[in-house]
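Take a look at the letters that make up each chain.
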Amino acid sequence: MLIQRLKIDNLRVIEQSDTTPGTGLNLFTGHNGAGKTTLLEALAILARGRSFRSGSVSAQIGGVTDHYTLLVDIERASGQTHRLGLSRSRSGWKARCDGRDITQLTELSALLPVISMHPENYSLVSGPPEGRRRYLDWGVFHVKHGFLDDWRRYSRALSQRNAAIRQGASAAVVDSLTPELVSHGNRLDEVRRDETERLSQRLKMILPELSGTLGEIEIAYHPGWSATDFESALVDALQTDRERGWTSVGPHRAELVFRTDGRLARDRLSRGEQKLLYVALNIAQAGRLAETGEIPVMLIDDLASEFDEDHLDRVLDYCLAMGGQLWVTGTSTQGFSEQRLEKASVFHVKHGVVSAAT
Ligand SMILES: Nc1ncnc2c1ncn2[C@@H]1O[C@H](COP(=O)(O)OP(=O)(O)OP(=O)(O)O)[C@@H](O)[C@H]1O
């Protein structure tokens, strides 16, 4: 997928920008607070329906009007082009795809495979399980059709079971909700398990090329229960769940655990190594999507400040070798070789204004 144009109105410090990126490396430079991250944030919001930054929608809206508007023109691998737009105010959002109003932001997400890497997310390996579930599910959503439908039905059945438990419903009522929960839950489990295996295989190829020192990383997938199967786990957990008022087992409690040398990666790896692992995991995911024929656009915020020149080069080489479009921010072009800059599209960002560097 290629982004041909990104237009932003009133997102944080960016009052208005209209950017035509190149097909390979796009480098956005500028001082701190210039608006570089905001550019990437615009793409992430369009692609995922939410920002990678914490904070409310109000904090995203700039000072010009009471809403922001984002628009992208894209070209898919098939050659098909699309215009996607999203406008958001404090009271809600409106989105359009090729001139048609849409009601689900996942319609935009499905057309916009964008992998975004940010310092805010470097804690993927050591942070809470939710981040790792989200990482895994994003990939599954793009490579496995039907995942979203299973996820929605599972979530609905889960809410119903939670409500029944809280209302003190009889065992028969709770049991009647189980088949729906189990059938969709098992499907989620199956595709996640399969995807974890494929990501592990990719990671084994990527890590030695990104880092000479990082050893082998094992990824273990935990389904969210410890009984032999999900159905038995629900039966075993019923009493505890009634006491807690929520369902304590199931795919919503799944976890990815990273280990190296038999120890937890979060305890064993340095901060720098955890960042590299984070980047490697994202590259692995990009590779998985590329298998489906659609190379995702990759965004890397503040790359040069996070890695030394050798690692920076390896990361860029690996991403560019996939043949996709790359959006990278940095305070300057330092750390990027002349050869690399010659082939790149370089932009300067100042007080929220984006201009092509001469
Ligand atoms: N709602 C808003 N309205 C106007 N300006 C905002 C709003 N939210 C944030 N800002 C400003 O936008 C700027 C943040 O821009 P951004 O994070 O994109 O900068 P950056 O170029 O990536 O900086 P750094 O190099 O420090 O990461 C800050 O100056 C901040 O004060």
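Residues numbered from 1 in each chain as written. Predicted model: local features only at pLDDT ≥ 70, side-chain atom pairs only at ≥ 80, totals over all residues.

K.L.:
Explain the site of the ligand to me, and be specific about the residues and the numbers.
P.N.:
Neighbouring the ligand are 16 residues, the closest being V13, N32, G33, T37 and T38. Top element by residues in the shell around the ligand is helix α1 (residues 36-48). It accounts for 3 residues. Each residue belonging to the shell around the ligand can be placed in one class, and the counts come to 4 nonpolar, 9 polar and 3 charged. (Near = placed C-beta within 6 Å. Helix = DSSP H or I, 4+ residues; strand = E, 2+ residues; numbered from the N terminus. Nonpolar A, V, L, I, M, F, W, Y, C, P; charged D, E, K, R; others polar.)

K.L.:
Before we move on, could you go through α1 and cite the residues and values that matter?
P.N.:
With 13 residues, α1 ought to run about 18 Å at 1.5 Å a step, and its terminal C-alpha atoms sit 19 Å apart, in line with that. Burial within α1 is extensive, with 12 of its 13 residues counted as buried. For α1, the full list of buried residues reads K36, T37, T38, L39, L40, E41, A42, L43, A44, I45, L46 and A47. (Expected span 1.5 Å × (residues − 1). Buried ≥ 20, exposed ≤ 12 C-beta atoms within 10 Å, placed from the backbone.)

K.L.:
Account for the pairing of strand β13 (residues 326-330), naming residues and giving values.
P.N.:
A regular strand places its side chains on the two faces of the sheet in alternate fashion. Of all 5 residues in β13, 5 are buried; the element is thus mostly enclosed. Covered by surrounding structure in β13 are L326, V328 and G330 together with W327 and T329, the residues of both alternating faces. Relative to β13, strand β3 (residues 25-29) is paired through 5 bridges, and the arrangement is parallel. Across the sheet, residue T29 finds its bridge partner in β13, namely G330. The pairing of strand β12 (residues 297-300) with β13 spans 3 bridges and is parallel. Opposite M298, over in β13, you have L326 as the bridge partner. (Pairing = 2+ DSSP bridges.)

K.L.:
Just give me the short version of helix α8 (residues 230-244), but keep the residues and values in it.
P.N.:
If you look at α8, its biggest bend is around 55°, right at L238. Among the residues of α8, those classed as buried are F230, A233 and L234. The inward-facing, buried residues of α8 abut α7 (178-210). Positive phi appears at G245, one or two residues downstream of α8, with a value of about 85°. (Bend = angle between axes of the 7 residues up to and from the residue. Contact = placed C-beta atoms within 7 Å.)

K.L.:
So what's going on with the UniProt feature "binding site: ATP" (unreviewed entry) in the protein? Residues and values would help.
P.N.:
As annotated by UniProt and renumbered to match this structure, "binding site: ATP" (unreviewed entry) occupies G30, H31, N32, G33, A34, G35, K36 and T37. The residue G33 is located in the loop between β3 and α1 in this model. C-beta crowding within 10 Å serves as the criterion here: with 13 such atoms nearby, G33 is assigned to the partly exposed category. Topologically, T37 is positioned in helix α1. Apart from residues no more than four positions distant in its own chain, T37 is found in contact with D301 and T329. (UniProt positions renumbered as here; feature names shortened; annotations may be inferred.)

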